Structures are given as C-alpha cells and as structure tokens.
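Chain residues, written in single-letter form:
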Amino acid sequence: LLQAKNELTESGWAGFQQVLERWRVPRRLREEVHLGATLTFLAFLLSFWFCLPEISDWYNRQGLADADAGKVGSAEQNYERAIALNPDNVAAHFNLGSLYEDLQEFDKAQKQYLIAVKGDLPEAYNNLGRLYLKKKQYAEAVALLQQGLQLNQDIPPEVKYSLFKNLGWVRLQQGRTAEAQAALQVAVSLASDPETQQYIEFPGSAHCLLAKVLEKEKLSGALAQWQKCTELASNKNPDEDAWVHEAQLKLKPAKNVLPKP
C-alpha cells in the first residue's frame, strides 16, 4: 500500500505523464487516463479494505498453528499481524493473551484478555478471571466469571466447565464454601457427562477442589473426590500438581487401614 501510495505523489504522477508522452497518448486523453488510474487504485484500496478481516483471521489461524507446533516467536508475530490488520479481532487478542500467559508474562496477557472481554468472548472472561484469582483479587475474579456465565450465547462446554470450576475455586479462597460447593458440583457434572467430557481437558481440577470443600465442611464424599482427583489429574496442568500431592497424602492413610478380622 505504501508503494502504491508513493506512485500517486507528484513525482509519481510526473513519471506517469512521461510514460503517456512516450506512448504518444493525446493530451486530451491523458486526464481520462489519469482519472481511470485513480479510480482503479481506489477500487483496489476498497477491495483490500473489505478483505482485511479475512486476512486478519488467516494470520490468527497461522498463529494457532505455530503455537501448536511450538513456534512461539512465529505465533506471536502472526497474532500481532492479525491485530494490526483488524484491531477488533478479539480471537487474536485472546490467543495472544493465552500465549503470553503460557510464557508467564501475565501483565501482557491481562492486557490482551481485557480487550477480548470487550468482545464478549467467554474464554476471555474465564482466563482473565483466573488471572485475578491468582493475584488474589477475588472480587474482580468473581465478577468476571459470573459475567462470563451470563453471556447471551451458547458457551462451549469446556469453557462453561472452566468458568464454574474457577468460580468454585474463588469462593473456596473467600471461605464461602456453600457457594464453592454448588459451583464445583456443576463443574463435576459437566466433566462427567458423556456428551461433554470429551471436550474438557482437565476434568480432575474440579474434583480436587470439591474434595477440599467437602473436607473443610466435614462432609462425606471427600475421599471419593480425592480419588477422582488423582485419577483424572494431568501433569500438563501446573495448578493440579499441589492438589494431587495433597490427594495422595489424604488417600495414603485410608489405604493403610486394614479391615477387622
């Protein structure tokens, strides 16, 4: 575009006039040629302008492919290109934020999630809420997670699971165990549903957190939840590492108890 724009400067048009003279184009036709070239260029600009969102989406998809392949630098560049072409591409903002979060650049991640939230992306509400949770900004986290659940759109099951799980986690940190239990039971239900469980990457988290809630309230079923926590936990999720260790400590005494003869 910059190169094409340069052709329309005075020096560019002077060169264009010389070309017309060499071709012996009559002077009376030169203005028509000039007008035709201008209209052609404007038509090109308009076509390119309308294609910008599609080109932006293409760069966003390239970024996702690069991220999956472990090409972090290329992924970042492609997300930034997508955003430069279409600043309202909330998916690109979210994906760039997710990339920054994986790199533990949390301030950069938060900035991108805040933009994605303005586009009512449920995943952005969840991830930004989780960032606030880890910063112990519990009130902000709760507000975002609840807003995400109240969006007037179909929320993917894996996102709904994460929203309820993180809401339960926040309520546990706040000491509001009854609300934590209610949210976590919904998350466990989603993770146990045969129609949705295939989409949920870390189903063990909700069981780990629910075990903590039941144990704190001295309710039955805590050991069963700790067991599910160890069975379903993944080493890909850093949040689950401490929970699994706690689960193993809770389950070890129970396994060592011998039945009475």
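Data block above holds the structure.
I will try to describe carefully the structure that is included in this document. Keep in mind it's a predicted model, so treat the numbers as computed, not measured. (Residues numbered from 1 in each chain as written. Predicted model: local features only at pLDDT ≥ 70, side-chain atom pairs only at ≥ 80, totals over all residues. Heavy atoms only, no water.)

Some details on the overall build of the chain
Link 1 in the chain: Each helix and strand in the chain was counted, giving 13 helices and zero strands.
Link 2 in the chain: Residues counted as buried form 39% of the 261 residues belonging to the chain.
Link 3 in the chain: The contacts in the chain between residues at least 6 apart in sequence include a share of 49% that link residues at least 24 apart.
Link 4 in the chain: Carbon and sulfur atoms provide 53% of the accessible area of the chain, an area that totals close to 15800 Å². (Helix = DSSP H or I, 4+ residues; strand = E, 2+ residues; numbered from the N terminus. Buried < 20%, exposed > 50% of the residue type's maximum accessible area, 1.4 Å probe, protein only. Contact = heavy atoms within 4.5 Å. Areas by Shrake-Rupley, 256 points an atom, 1.4 Å probe, with all protein chains shown as cover.)

A look at unusual backbone geometry
Link 1 in the chain: Positioned with a positive phi, aspartate 120 is a non-glycine residue whose angle comes to about 55°.
Link 2 in the chain: With respect to the helices and strands, aspartate 120 occurs in the loop between α6 (106-118) and α7 (122-134).
Link 3 in the chain: Overall, aspartate 120 belongs to the partly exposed group, its relative accessible area being 37%.
Link 4 in the chain: Of note in this structure, lysine 136 is not a glycine but carries a positive phi near 65°.
Link 5 in the chain: Relative to the helices and strands, lysine 136 resides in the loop between α7 and α8 (138-149).

Considerations on the packing of aromatic side chains
Link 1 in the chain: For the coordinates displayed, the defined rule picks out three aromatic pairs.
Link 2 in the chain: With centroids separated by 5.1 Å and ring planes inclined at 75°, the aromatic side chains of tryptophan 58 and tyrosine 59 adopt a geometry described as edge-to-face.
Link 3 in the chain: By relative accessible area, tryptophan 58 is classed as partly exposed at 42%.
Link 4 in the chain: A residue is classified by how much of its surface remains accessible, and tyrosine 59, at 22% relative accessible area, is partly exposed.
Link 5 in the chain: Taken together, a centroid distance of 5.0 Å and an interplanar angle of 75° make the contact between tryptophan 169 and tryptophan 243 edge-to-face. (Phe/Tyr/Trp six-rings, centres within 6.5 Å; stacked < 30°, edge-to-face > 60°.)

Examining helix α4 (residues 72-85)
Link 1 in the chain: Here α4 is 14 residues long and its end C-alpha atoms lie 20 Å apart, about the 20 Å a rise of 1.5 Å per residue gives.
Link 2 in the chain: Inspection of α4 places Ala75, Asn78, Tyr79, Ala82 and Ile83 among the buried residues, and these make up the whole buried set. For α4, the angular spread of the buried residues around the axis is 140°, confining them to a single face. (Expected span 1.5 Å × (residues − 1). Arc of directions from axis to C-beta.)

Thoughts on the environment of alanine 182
Link 1 in the chain: With respect to the helices and strands, the residue alanine 182 is situated in helix α10 (residues 177-192).
Link 2 in the chain: What makes alanine 182 partly exposed here is its relative accessible area of 43%.
Link 3 in the chain: Residues alanine 182 and phenylalanine 164 lie 18 residues apart in sequence; the distance between their C-alpha atoms is 9.0 Å.

A few points about the packing of α7 against α8
Link 1 in the chain: In the contact formed by α7 and α8, the axes pass within 8 Å of each other and the chain directions differ by 165°. When the axes of α7 and α8 are compared, the pair comes out roughly antiparallel. Of the two elements, α7 crosses α8, and the hand of that crossing is left-handed. Touching Tyr125, Asn126, Leu128, Gly129, Tyr132 and Leu133 of α7 are Tyr138, Glu140, Ala141, Leu144, Leu145, Gln147 and Gly148, all from α8.
Link 2 in the chain: The class makeup of the residues in the contact of α7 with α8 is eight nonpolar, four polar and one charged. (Axes fitted to C-alpha atoms, helices over the stretch in contact; angles between N-to-C directions. Parallel < 35°, antiparallel > 145°, perpendicular 65-115°, else oblique. Left-handed = near helix turned anticlockwise from the far one by under 90°. Nonpolar A, V, L, I, M, F, W, Y, C, P; charged D, E, K, R; others polar.)

Some details on the pattern of salt bridges
Two side chains with opposite charge may pair up if their charged atoms get near one another.
Link 1 in the chain: The tally for this structure, following the rule as stated, stands at eight salt bridges.
Link 2 in the chain: In this structure, lysine 135 and aspartate 107 form a salt bridge, with 3.8 Å as the shortest nitrogen-oxygen distance. In this pair, lysine 135 sits in the loop between α7 and α8 while aspartate 107 sits in helix α6, placing the two residues 28 residues apart along the sequence.
Link 3 in the chain: Note that aspartate 239 and lysine 134 form a salt bridge whose closest N and O atoms lie 3.1 Å from each other. Of the two residues, aspartate 239 is situated in helix α13 (residues 239-256) and lysine 134 in helix α7; the sequence distance between them amounts to 105 residues.
Link 4 in the chain: Judged by relative accessible area, lysine 134 falls into the partly exposed class, the value being 43%.
Link 5 in the chain: When salt bridges that share partners are traced, they join Arg171, Arg176 and Glu179 into one network. (Salt bridge = Lys/Arg side-chain N within 4 Å of Asp/Glu carboxyl O.)

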